[in-house]
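The chain contents come next:
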Amino acid sequence: MAQFLEALINGISLGSLYAIIALGYSMVYGIAKMLNFAHGDVIMVGGYIVFIVLNNMGMPAALAIPAAMLVCVALGITIEGLAYRPLRQATSLAVLITAIGVSYFLQNAAQLIWGANPRFFTIMNYGNIPVSLGKDQFNISVGKLCSVGVSVVIMLGLSFFTGKTKMGKSMRAVSEDRGAAELMGINVNRTIALTFAIGSALAGVAGAMLVGVYGVQLSPTTGAMPGIKAFTAAVFGGIGSIPGAMIGGILIGVIEILVGTFISTDLKDALTFAVLIIMLVVKPTGLLGKPIREKV
Amino acid sequence: MSLLSVQDLHVFYGNIHAIKGISFDVSEGEIVTLIGANGAGKSTTLNTVCGLLHARSGSINFNGEDITRLKASSMTARGMVLCPEGRRIFQQMTVRENLEMGGFTRPKGEIAASLERVYKQFPRLKEREKQVAGTLSGGEQQMLAMGRALMSRPKLIMLDEPSMGLAPILVEQIFEIIHSLHENGSTILLVEQNAQMALSVADRAYVLETGRITMTGPAEDLLHDDAVRKAYLGE
Ligand SMILES: Nc1ncnc2c1ncn2[C@@H]1O[C@H](COP(=O)(O)OP(=O)(O)OP(=O)(O)O)[C@@H](O)[C@H]1O
Ligand SMILES: [Mg+2]
């Protein structure tokens, strides 16, 4: 029982990290109508920035995280402007291939700058909360608990932003009908750039959590796997939906840890994706996704 | 001087020459209608004027400014708005949010008064304020599209087939609204397949046939013209 509870809590916490990444995928997909394959690699860059600022420069985390976010935002806006904007009228396949290209570009650039050797990060110890359940005992890491809190705050913040602010509403308008949004006087390019900025800022936070809280070793391909998992989470929850990304992220995290703990570590990725496939067969729009209406 | 003046406009879709050198103008306070059969190029003309499409050659002047190369998102702030074919309201947003988007370029302090005006013109929209727009009836959706366009306080409002797909009684209602907008001083460029209704409400008309203007004159005269009656009024 204690083992199950511990796995569940770890799953929720890992899931909340996936949720933050999934929110980035989902918002960009919802508004720019493209799959930003390079999102995971922006996370990797964020991870390196945190590493450099914390480890090499010896600055506090309170500085490292905003630094990572800033660099990621700049990177995200640059990628959008240079690689994706010229393809606004192109087929979605051309855009996807470009995004894969950007992904490899970032991985190779990281290797050039920081080398291919993985860097190990001494996880910051934020302390543990001991929990006893009968005669069983386990610890809940404060860092992981905080990451759950952070992702909830981010989700609520984004829901408020898209639901209540003028900028956020204009993003929804662009998401629904780009041409009609333009007719309202909304600058579509600027709106899409803003979406990338938000998604990339989240990638920066995720990068910091990945290396700082989860102790993932840092290498140029670090972002790929969490990226794919989070994308799975976004699809699972219904791509384009903010609460969907959150729920999808948590579910994928929980499934992954439970399978890893009780069935087999080797199978955890395979089973996670199997669950996604079943989901897509049963409900193609994901848990909270809205059916896409064909225009007549 | 005219508010909108289009000179020798040519528009292409790839190799398809959709608009073949048309010229027309709209003066302040007028309702001008562009009538023509399916595929004549009416929507293409409006979309080009408002910047969603761009002309290969020719010029478009609005309010004393050359706007030929400007993009659509900069037109609303200049006082021109298109209420597009098929309405294209934001289906997943509420009625009120749709209207707010219509006022996107206007100062924040003005929105409440603009909403008030639109609700006065379309009381039905006020009742449905919080409803998601996709669940409105066809007629209500058309009212929302027109209300949304009015939120930007346009000098020129362009309507692309506002009566499309509506029951006759609703068509009457929409044209009454167009008439009342006109009485309140709005300048309107109206595109319609329903030539009978369009000609009865308009001051002047242009007949568009496969990308060319073949006839023009006071709407009253065209309404009684034999050729027009035969081709467009089903006689
Ligand atoms: N996106 C497009 N690509 C290629 N050709 C197009 C496109 N849109 C319109 N056309 C062509 O341009 C011509 C004019 O079309 P347009 O939509 O302007 O006609 P319309 O007068 O508005 O017709 P309707 O009354 O059916 O709305 C038509 O021959 C049409 O087939
Ligand atoms: Mg048309």
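One can find the structure itself at the top, above this paragraph.
Described below are features of the structure shown in this document. Given the structure is predicted, the values throughout are model-derived calculations rather than measurements.

Criteria and cut-off values
- Residues numbered from 1 in each chain as written.
- Chains lettered and ligands numbered in written order.
- Predicted model: local features only at pLDDT ≥ 70, side-chain atom pairs only at ≥ 80, totals over all residues.
- Heavy atoms only, no water.
- Buried < 20%, exposed > 50% of the residue type's maximum accessible area, 1.4 Å probe, protein only.
- Helix = DSSP H or I, 4+ residues; strand = E, 2+ residues; numbered from the N terminus.
- Pairing = 2+ DSSP bridges.
- Near = heavy atom within 4 Å.
- Polar contact = N/O pair within 3.5 Å; in protein donor to acceptor, adjacent residues only side chain to side chain.
- Areas by Shrake-Rupley, 256 points an atom, 1.4 Å probe, with all protein chains shown as cover.
- Nonpolar A, V, L, I, M, F, W, Y, C, P; charged D, E, K, R; others polar.
- Axes fitted to C-alpha atoms, helices over the stretch in contact; angles between N-to-C directions.
- Parallel < 35°, antiparallel > 145°, perpendicular 65-115°, else oblique.
- Left-handed = near helix turned anticlockwise from the far one by under 90°.
- Contact = heavy atoms within 4.5 Å.
- Donors = N, O, S within 2.8 Å, 3.2 Å for Na, K, Ca; no water.
- Buried area = accessible area lost by both parts, 1.4 Å probe.
- Salt bridge = Lys/Arg side-chain N within 4 Å of Asp/Glu carboxyl O.
- Phe/Tyr/Trp six-rings, centres within 6.5 Å; stacked < 30°, edge-to-face > 60°.
- Lys NZ or Arg CZ within 6 Å of the ring centre and 35° of its normal.

Focus: the pairing of strand β3 (residues 31-35) of chain B
Residue and element names in this part refer to chain B.
Consideration 1: Of all 5 residues making up β3, 5 are buried, and the element is well covered by its neighbours.
Consideration 2: The two faces of β3 match: I31, T33 and I35 on one face and V32 and L34 on the other face are all buried.
Consideration 3: Here β3 runs beside strand β8 (residues 187-192); their pairing, made up of 5 bridges, is parallel. Bridging across to β8, T33 finds its partner in L190.
Consideration 4: By the bridge criterion, 4 bridges tie β3 to strand β9 (residues 204-209) in an arrangement that is parallel. Bridge assignment links I35 to a residue of β9, and that residue is V207.

Some details on the site of ligand 1
Residues and elements named next belong to chain B.
Consideration 1: Every one of the 14 residues lining ligand 1 counts as a neighbour, but N38, K42, S43, T44 and E85 are closest to it.
Consideration 2: Residue E161 places a side-chain N or O atom 3.0 Å away from an oxygen atom belonging to ligand 1.
Consideration 3: For ligand 1, the protein covers 62% of the area, taking 630 Å² as the surface of the free molecule.
Consideration 4: Of all the secondary-structure elements, those providing two or more residues to the shell around ligand 1 are β2 (16-26) and α1 (42-49).
Consideration 5: Tallying contributions element by element places α1 first for the shell around ligand 1, with 3 residues.
Consideration 6: When the residues that make up the shell around ligand 1 are grouped by side-chain class, the tally is 5 nonpolar, 6 polar and 3 charged.

Description of the packing of helix α5 (residues 138-150) of chain B against helix α6 (residues 168-183) of chain B
Residues and elements named next belong to chain B.
Consideration 1: At a minimum axis separation of 10 Å, α5 and α6 run at an interaxial angle of 15 degrees. The pairing of α5 with α6 is recorded here as roughly parallel in orientation. Crossing of α5 over α6 shows right-handed handedness. Where α5 approaches α6, its residues G139, Q142, M143, M146 and L150 are matched on the opposing element by L170, Q173, I174, I177, I178 and L181.
Consideration 2: Its residues placed into classes, the contact of α5 with α6 shows 8 nonpolar, 3 polar and no charged.

A few points about the coordination of the magnesium ion (ligand 2)
Residue and element names in this part refer to chain B.
Consideration 1: For the magnesium ion (ligand 2), every protein donor is listed as S43 (OG) and E85 (OE), and the spread of their distances is 1.9 to 2.2 Å. One end of the pair, S43, is in helix α1; the other, E85, is in the loop between β6 (80-83) and α2 (95-102), with 42 residues separating them in the sequence.
Consideration 2: Since its relative accessible area comes to 17%, S43 is described here as buried.

Looking at the sheet that holds β6 of chain B
All names here are of chain B.
Consideration 1: What the 6 strands build is an open sheet, ordered β6-β7-β8-β3-β9-β10; its pairing is mixed. Unpaired on one side and paired on the other, β6 and β10 (212-218) mark the two borders of the sheet. Looking at each pair of strands side by side, their axes are set apart by 15 degrees on average, direction ignored.
Consideration 2: Looking at chain direction, β9 and β10 are connected through 6 bridges and run antiparallel. Opposite L208, over in β10, you have I213 as the bridge partner.
Consideration 3: In the packing of α5 onto the sheet, the strands contacted are β6 and β7 (156-160), and the crossing angle to β6 comes to about 170 degrees.
Consideration 4: Across the sheet, α6 lies against β3, β7 and β8, angled at about 155 degrees from β8, the strand it touches most.

Focus: the interface of chain B and chain A
Consideration 1: Taken together, the contact between chain B and chain A spans 23 residues of the former and 19 residues of the latter.
Consideration 2: Each partner contributes to the roughly 2100 Å² buried at the junction of chain B and chain A, and carbon and sulfur atoms together form 58% of this total.
Consideration 3: If you look at where chain B meets chain A, you find 3 salt bridges.
Consideration 4: Linking E97 of chain B and R172 of chain A is a salt bridge whose minimum nitrogen-to-oxygen distance equals 2.8 Å.
Consideration 5: Taken together, the connections running from chain B to chain A amount to 8 residue pairs in polar contact (both at pLDDT 80 or more).
Consideration 6: Of all the elements in the fold, those that place two or more residues in the side of chain B that touches chain A are β6 and α2 of chain B.
Consideration 7: In terms of residue count, α2 of chain B provides more of the side of chain B that touches chain A than any other element does, 4 residues in total.
Consideration 8: Of the residues belonging to the side of chain B that touches chain A, the class tally is 11 nonpolar, 6 polar and 6 charged.

Let's talk about the packing of aromatic side chains
Consideration 1: One pass over the structure, following the stated rule, counts 5 aromatic pairs over all chains.
Consideration 2: Both rings, one in Y25 of chain A and one in F231 of chain A, keep their centres 5.6 Å apart while their planes meet at 55 degrees; by these two values the pair is tilted. On the criterion of sequence distance, the pair formed by Y25 of chain A in helix α1 (residues 2-32) and F231 of chain A in helix α9 (residues 224-237) is long-range, its members being 206 residues apart.
Consideration 3: What makes Y25 of chain A buried here is its relative accessible area of 6%.
Consideration 4: Accessibility expressed as a relative area gives 25% for F231 of chain A, which makes it partly exposed.
Consideration 5: Above the plane of the ring of F104 of chain B lies K166 of chain A, whose end atom (NZ or CZ) is 4.8 Å from the centre.
Consideration 6: Seen from the ring of F90 of chain B, R148 of chain B lies directly overhead, with NZ or CZ sitting 5.0 Å from the centre.

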